[in-house]
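# Analysis of the macromolecular model
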Amino acid sequence: MAEQSESLEYTPTWVVAVVCFIIVLISLFAERGLHRLGKFFREKNQDALYEALQKLKEELMLLGFISLLLTVSQGAISKICIPENIAKIMLPCKLKELSGTSSHLITGRHLLAGSGGADHCSRHEGQTPLLSLEALHQLHIFIFVLAVTHVIFCATTMVLGGAKIQQWRHWENSIQKESRPHHVHILHLQSFMDRAGRRWRKYAPVSWTVAFFKQFYGSVTKSDYVVLRTGFIREHCPTNPKFNFHKYMLRTLEHDFKRIVGISWYLWLFVVLFLLINIAGWHSYFWLSFLPLVLLLLVGTKLEHIITELAQEVAERSSIVDETTPVRPSDELFWFHSPTIVLYLIHFILFQNSFEIAFFVWIWCTYGFKSCIMEELGYIIPRLIIGVIVQVLCSYSTLPLYAIVTQMGSRFKQGIFDQHTVGLLKEWASAGKAGSSTQNRMVMETLESICVSKRSASNEIQEISSTVELSYPNKPSHTT
């Protein structure tokens, strides 16, 4: 009778209807909320944030598919039997501790968890289920908590980092008001060259040590901003001294946000690896909590050292402080000659930090604070402190450093164009692939000339549209 009462066949219809109504209502509210948020981003011309929202929807769809897959296959998985001696290998809790919590596991059984797998394997001597229904359900919850925590951490980092970068707006405004914004003020250049220091600062151990401590205080000064801005404009937009470098940085940061808000396939592989090494006595997650901190300090030190290298290069090129002596952006300053690697490292750092916090919250809510998986208090407190330090340092130091230093590569980023211009260029380039080499050359020349043009964005777009029409004279015209 007890088994019948748990079945949907013997559940009151009003209970089924009420629960179904609440679930559908919450889902609709969430869907409409995301839709309105996307509409708001489109109205405010925040195309990069809109694309990041679309990426978030893709992650939610992936989570929904994982949830469906676990639900459908849980019965079949729980009926897979393995020898008991194999099931005792690589346990997260020692057996004597596990036996003490067995009553908790039974009383906390969820509706999705049943004992069908255990009953099936008990018919075979020395066999046990590969994964119980209870464990499947808890794994299901953990994946959801991990994804939500990662999105929240990424969004928080971008908001706090963006607020820090917004403080540089008055630097840009003051430069725009100058009569010669393409020239570096002599005092700013001298202050920037002071980073190079004396001869002893040229030794690698000394310069790297100074760069390490520099990321904690005044990581980017006004002199750094002015000199790096001038170097970027002279390299990529030499005839447009009024180029708004600050707005360009914010656009590129928004484009990068849509790349880190999701959980890539290689990050899911790390999840599997982290779950594999969670063995009793190893204290794996305690040692893993230091990984994002070490990587973050390494990335911050590298970015600061790049600024120092630029200052040393300017000092070596010119013994006399000259306003016309700019820095020279180059991919050779970065690891493997690729500024993009820094973004991947920040992505991994945020994900690893999210994993630490998500795992702590999941264990606390599922098994309680005194669970054997939670470990001792001496291991918990440092993990939480490190998580907070990583979040704050990444938001207020590393991310702003990344936003400005990665502009010192050999190429500019897509954010240099507004979204409408990017759309026109993509359509034109795709059409040019099917045309002659002359048309392809015109596409490339226009791509190079847009940045250096002194005309407004509206004039650029009109010129692109006119050139496209002239490039395809056989295309029928549309009359209104």
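This is a predicted model, so every value here is computed, not measured.

So, about the confidence of the model for the protein chain. On average, residues of the protein chain score 76 in pLDDT, and 76% of them are at 70 or above. Counting interchain partners and residues more than four positions distant, the pLDDT-below-50 stretch residues 97-115 has 19 contacts.

Here the focus is the pattern of salt bridges. In this structure the tally under the stated criterion is three salt bridges. Its salt-bridge partner being Arg229, residue Glu172 comes within 3.1 Å of it at the nearest N-O pair. Here Arg229 lies in helix 12 (residues 222-236) and Glu172 lies in helix 9 (residues 169-176), a separation of 57 residues in the sequence. Take Glu172 and Arg229: they sit in the same class, and that class is buried. Here Glu356 and Arg383 are joined by a salt bridge, their closest N and O atoms 3.1 Å apart. In this pair, Glu356 sits in helix 17 (residues 340-367) while Arg383 sits in helix 18 (residues 377-405), placing the two residues 27 residues apart along the sequence. Judged on exposure class, the residue Glu356 and its partner Arg383 are both buried.

In this section: the packing of aromatic side chains. Overall, the coordinates contain 30 aromatic pairs when judged by the stated rule. Ring centres of Tyr285 and Phe355 lie 5.5 Å apart, and the angle between their planes is 80 degrees; this geometry places the pair in the edge-to-face category. On the criterion of sequence distance, the pair formed by Tyr285 in helix 15 (residues 284-288) and Phe355 in helix 17 is long-range, its members being 70 residues apart. Tyr285 sits in the buried class, given a relative accessible area of 3%. Residue classification places Phe355 among the buried residues on the basis of a relative accessible area of 0%. Aromatic rings pair up to connect Phe142, Phe270, Phe274, Tyr285, Phe348, Phe355, Phe359, Trp362 and Tyr367 into one cluster.

For any two helices packed against each other, one specifies the crossing angle of their axes together with the interaxial distance. At a minimum axis separation of 11 Å, helix 14 (residues 265-276) and helix 17 run at an interaxial angle of 40 degrees. The pairing of helix 14 with helix 17 is recorded here as oblique in orientation. The way helix 14 lies across helix 17 gives a crossing that is right-handed. Where helix 14 approaches helix 17, its residues Tyr266, Leu267, Phe270, Val271 and Phe274 are matched on the opposing element by Tyr344, His347, Phe348, Phe351, Gln352 and Phe355.

Calculation rules
Per chain, residue numbering runs from 1 following the sequence as it is written. pLDDT decides what is reported in this predicted model: residues at 70 or higher carry local features, side-chain atom pairs at 80 or more are listed and counted, and totals for whole chains, interfaces and linings draw on all residues regardless. Side-chain numbers come from the whole structure's heavy atoms, not from hydrogens or water. pLDDT: the predictor's confidence for each residue, scored from 0 to 100. Whether two residues touch is decided by their heavy atoms; if any such pair falls within 4.5 Å, the residues are in contact. Salt bridge, as used here, is a side-chain nitrogen of Lys or Arg placed within 4 Å of a carboxyl oxygen of Asp or Glu. Every helix listed is a DSSP run of H or I at least four residues long, and every strand listed is a run of E at least two residues long, numbered separately from the N terminus. We call a residue buried when its accessible area falls under 20% of the maximum for its residue type, exposed when it is over 50%, and partly exposed in between, using a 1.4 Å probe and counting protein chains only. Only Phe, Tyr and Trp rings take part, Trp by its six-membered ring, and two of them pair if their centres are within 6.5 Å. Stacked means planes under 30 degrees apart, edge-to-face means over 60, and tilted covers everything else. Simply put, an axis is a line fit to the C-alpha atoms, just over the touching stretch for a helix, and the angle between two N-to-C directions goes from 0 to 180 degrees. Orientation labels follow simple angle bins: below 35 degrees gives roughly parallel, above 145 gives roughly antiparallel, 65 to 115 gives roughly perpendicular, and whatever is left gives oblique. Here a crossing is called left-handed whenever its near helix is offset anticlockwise from the far helix by less than a right angle, and right-handed whenever the offset is clockwise.

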